[in-house]
Amino acid sequence: MTGPEQVDVANDDDAAELIAQLKELAGADPADVRQVVAEVLAALDRAAGGALREHLPDTIRLDAGLDTAAPARR
């Protein structure tokens, strides 16, 4: 069975990997980076049952296709 410390380490490893991947993208075409970020935000919003969009600024929400009037995409 995994304890809280082991879960935290796994989450830290996942976060570090995601950060490394995003840093790698930073040198890429800005339009490609925006598309990846929009897809990640949309996936996170779906995983959160549509709750993430409530916490995003309008410009980011619209850029990611997370219009508050529309239900979460599945």
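Scroll up for the structure.
I will try to describe carefully the structure that is included in this document. (Residues numbered from 1 in each chain as written. Predicted model: local features only at pLDDT ≥ 70, side-chain atom pairs only at ≥ 80, totals over all residues. Heavy atoms only, no water.)

1. Overview of the overall build of the chain
The helix and strand inventory of the chain stands at 3 helices and 0 strands. Reading the secondary structure of the chain in the N-to-C direction produces α-α-α. Roughly 5,700 Å² of accessible area belongs to the chain as shown, and the carbon and sulfur atoms make up 58% of that amount. (Helix = DSSP H or I, 4+ residues; strand = E, 2+ residues; numbered from the N terminus. Areas by Shrake-Rupley, 256 points an atom, 1.4 Å probe, with all protein chains shown as cover.)

2. With respect to a nonpolar patch on the surface
Together, L18, L22 and V37 give the surface a local cluster of nonpolar side chains, amounting to about 230 Å² of exposed area. In this structure, L22 sits in helix 1 (residues 4-25). Among the residues examined, L22 registers a relative accessible area of 39% and is labelled partly exposed. (Patch = residues over 30% accessible without salt bridge, like charges linked within 9 Å, V, L, I, M, F, W, Y side chains within 5 Å. Salt bridge = Lys/Arg side-chain N within 4 Å of Asp/Glu carboxyl O. Buried < 20%, exposed > 50% of the residue type's maximum accessible area, 1.4 Å probe, protein only.)

3. Thoughts on the pattern of salt bridges
In total, this model carries 3 salt bridges according to the counting rule given. Here R53 ties to D45 by a salt bridge, and the two come within 2.3 Å at their closest N and O atoms. Residue classification places D45 among the buried residues on the basis of a relative accessible area of 1%.

4. Quick notes on the side chain of R53
Along the polypeptide, R53 turns up in the loop between helix 2 (30-47) and helix 3 (58-63). When its relative accessible area of 6% is taken as the criterion, R53 is described as buried.

5. Points about the environment of L25
One can find L25 in helix 1. In this structure, the C-alpha to C-alpha distance between L25 and V36, residues 11 residues apart in sequence, is 9.0 Å. Setting aside residues no more than four positions away along its own chain, L25 makes contact with V33 and V36. (Contact = heavy atoms within 4.5 Å.)

Fair warning: the whole summary comes from geometry, so function is off the table for now.
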